[in-house]
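# Overview (structure and organization)
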Amino acid sequence: HMASGIFLHRLLKLVELAAPVRSELRPVIVACFPDEYHQLGALIVAYQLCRRGLRVVFLGAALPFEDLESACVALRPSTVLLSATRPALFQVHRRGLLETARRDAKGVQFYIGGQGAPVDDPQLAQVGVRIAPKTGDLKESVDLLADEIRKSAKRATL
C-alpha cells in the first residue's frame with residue numbers, strides 16, 4: 001500500500017506537470033466508477049493523454065455519478081473517461097452510467113475502459129457511450145483514444 005501510495009502521488013504530480021498550459025479543446029475528465037478504488041490504470045491513461053497535449057482533470061477513485069454530473073456542469077468537458085476493473089462492478093453501476101450519459105450527452109463523449117469494461121454494449125452505444133480502444137499495447141491504445149477525443153471535441157465545437 002505504501003509503494004502504491006507513493007506511485008500514485010508521483011503520477012498525480014506528473015499529470016499536473018504534463019498538462020498543457022493552453023488548449024483549444026475543452027478538458028477531459030478521467031475518473032473511476034463508483035466503488036472502484038483501483039485508480040492506477042486510469043491515472044496512467046490520464047498522464048499519457050496529458051503527454052499528448054490534452055487537458056485532463058483527474059477526479060480519482062470511486063466517483064459517484066452525481067458528483068460526475070456536477071463536475072460536467074462546472075468543467076464542461078469534451079470527454080469523460082471512466083474506469084472499471086471488474087465486470088461485476090461495471091454491471092452494478094451500468095444503469096447509473098446509462099442515466100448519467102442520457103442527461104449529460106449534450107456535447108460530452110463518454111468512454112468506459114479498464115478490465116471490467118465490456119467488449120460492447122448496444123444499449124450504452126445508443127446513448128453515445130463508447131468502449132475505450134484496446135489493442136494490447138498501451139501506447140497504441142492511448143494514441144487511438146487521444147485521436148478519437150480530438151475528433152469528437154472538434155465536431156462538438158463546429
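Going by the structure above, here's the rest.
The written sequence of each chain sets the order in which its residues are numbered from 1. The predicted nature of this model means local features are confined to residues of pLDDT at least 70 and side-chain atom pairs, given and counted, to a pLDDT of 80 or more, with totals for whole chains, interfaces and linings taken over all residues. Only hydrogens and water are set aside; all other atoms, that is, all heavy atoms of the structure, feed into the side-chain values.

Each helix is a run of H or I in the DSSP string that is no shorter than four residues. Each strand is a run of E no shorter than two, and both are numbered from the N terminus. Along its length, the protein carries six helices and five strands. Along the protein, helices (α) and strands (β) appear in the sequence α-β-α-β-α-β-α-β-α-β-α when read from the amino end. In terms of its C-alpha atoms, the protein occupies a principal-axis envelope of roughly 40 × 40 × 30 Å. Contacts: residue pairs with any heavy atoms within 4.5 Å of one another. Here the contacts in the protein between residues at least 6 apart in sequence split such that 76% fall between residues at least 24 apart. The Shrake-Rupley method, run with a 1.4 Å probe sphere, supplies the accessible areas, and residue values consider only the shown protein chains as cover. Of the roughly 8,800 Å² of accessible surface on the protein, 56% is carried by carbon and sulfur atoms.

Look at any regular strand and the pattern is simple: side chains alternate between the two faces of the sheet. Buried means the residue's accessible area, taken with a 1.4 Å probe over protein chains only, is under 20% of the maximum for its type, while exposed means over 50%, and partly exposed covers the values in between. Side-chain alternation along strand 2 (residues 56-60) places Val-56, Phe-58 and Gly-60 on a buried face and Val-57 and Leu-59 on a face that remains uncovered. In this sheet, strand 2 lies alongside strand 1 (residues 28-32) in parallel orientation, the contact comprising four bridges. Counterpart to Val-30 in the pairing with strand 2 is Phe-58. Throughout, right-handed denotes a crossover for which the path from the first strand over the helix to the second runs clockwise when the strands point away from the viewer. In this fold, strand 1 hands off to helix 2 (residues 40-51), which returns the chain to strand 2; that crossover is right-handed. A strand pair is defined by DSSP finding two or more bridges across the two strands.

What follows is about the environment of Arg-150. As for its placement among the helices and strands, Arg-150 is situated in helix 6 (residues 138-157). Take Arg-150: its relative accessible area is 23%, and that puts it in the partly exposed class.

Its volume calculated, the largest pocket comes out at about 530 Å³. Using a 1 Å grid laid over the protein atoms alone, points where a 1.4 Å probe fits but cannot get out form a cavity; open sets with protein on both sides within 12 Å along at least 5 of 7 lines form a pocket; any residue with an atom within 4 Å of a point counts as lining. Lining of the largest pocket is provided by 25 residues; of these, Gly-41, Val-45, Gly-113, Gly-114 and Leu-138 occupy positions nearest its centre. Counting only elements with at least two residues in the lining of the largest pocket, the list comes to strand 1, helix 2, strand 3 (79-83), strand 4 (109-113) and helix 6. Side-chain classes are defined by residue name, with Ala, Val, Leu, Ile, Met, Phe, Trp, Tyr, Cys and Pro counting as nonpolar, Asp, Glu, Lys and Arg as charged, and the others, Gly among them, as polar. Here the lining of the largest pocket is built from residues that sort into 14 nonpolar, ten polar and one charged. Grid points are joined across faces, edges and corners, and a volume is the space filled by probe spheres set on the points.

Here the focus is the side chain of Glu-36. Its location among the elements puts Glu-36 in the loop between strand 1 and helix 2. Summary of buried charges: Glu-36 has no salt-bridge partner, and the nearest side chain of opposite charge, Arg-86, is 5.0 Å away. Under this definition, polar contacts are N or O atom pairs within 3.5 Å; protein pairs additionally need one hydrogen-donor-capable and one acceptor-capable atom, and for neighbouring residues in sequence, both atoms have to be side-chain atoms. There is a polar contact of 3.0 Å between the side chain of Glu-36 and the backbone nitrogen of His-38. Reaching out from Glu-36, the side chain makes a polar contact with the backbone nitrogen of Thr-85 at a distance of 2.7 Å. Apart from residues no more than four positions distant in its own chain, Glu-36 is found in contact with Ala-61, Ala-62, Ser-83, Ala-84, Thr-85, Arg-86 and Leu-89. When charges are tallied, Lys and Arg are placed among the positive residues and Asp and Glu among the negative ones, while His and the ends of the chain are skipped. Salt bridges are defined by distance alone: a side-chain nitrogen of Lys or Arg within 4 Å of a carboxyl oxygen of Asp or Glu.

All right, on to the pattern of salt bridges then. Across all of its chains, the model carries five salt bridges by this definition. The partner of Arg-94 in a salt bridge is Asp-121, and the shortest N-O contact between them spans 2.7 Å. Remark: Asp-121 occurs in the loop between strand 4 and helix 5 (122-126) and Arg-94 occurs in helix 4 (residues 87-104); sequence separation between them is 27 residues. For the pair shown, Arg-94 and Asp-121 are each scored as buried. Where salt bridges share partners, they join Arg-52, Lys-139 and Asp-143 into one cluster.

The next point concerns the packing of aromatic side chains. Aromatic pairs are defined between Phe, Tyr and Trp rings, using the six-membered ring for Trp, whenever the two ring centres lie within 6.5 Å; interplanar angles under 30 degrees are classed as stacked, those over 60 as edge-to-face, and all others as tilted. According to the stated counting rule, one finds two aromatic pairs in the structure shown. Residues Phe-33 and Phe-65 carry aromatic rings whose centres are separated by 5.9 Å and whose planes lie at 75 degrees to one another, so their mutual orientation is edge-to-face. Of the two residues, Phe-33 is situated in the loop between strand 1 and helix 2 and Phe-65 in helix 3 (residues 65-75); the sequence distance between them amounts to 32 residues. According to the relative accessible area criterion, Phe-65 is buried, its value standing at 7%. Between Phe-33 and Phe-90, the ring centres sit 5.8 Å apart and the planes meet at 55 degrees, which makes this aromatic pair tilted. Here the residue Phe-33 occupies a position in the loop between strand 1 and helix 2, and Phe-90 occupies one in helix 4, the gap between them amounting to 57 residues. No difference in accessibility class separates Phe-33 from Phe-90, as the two residues are buried.

Everything listed here is a matter of geometry and, on its own, says nothing about what the molecule does.
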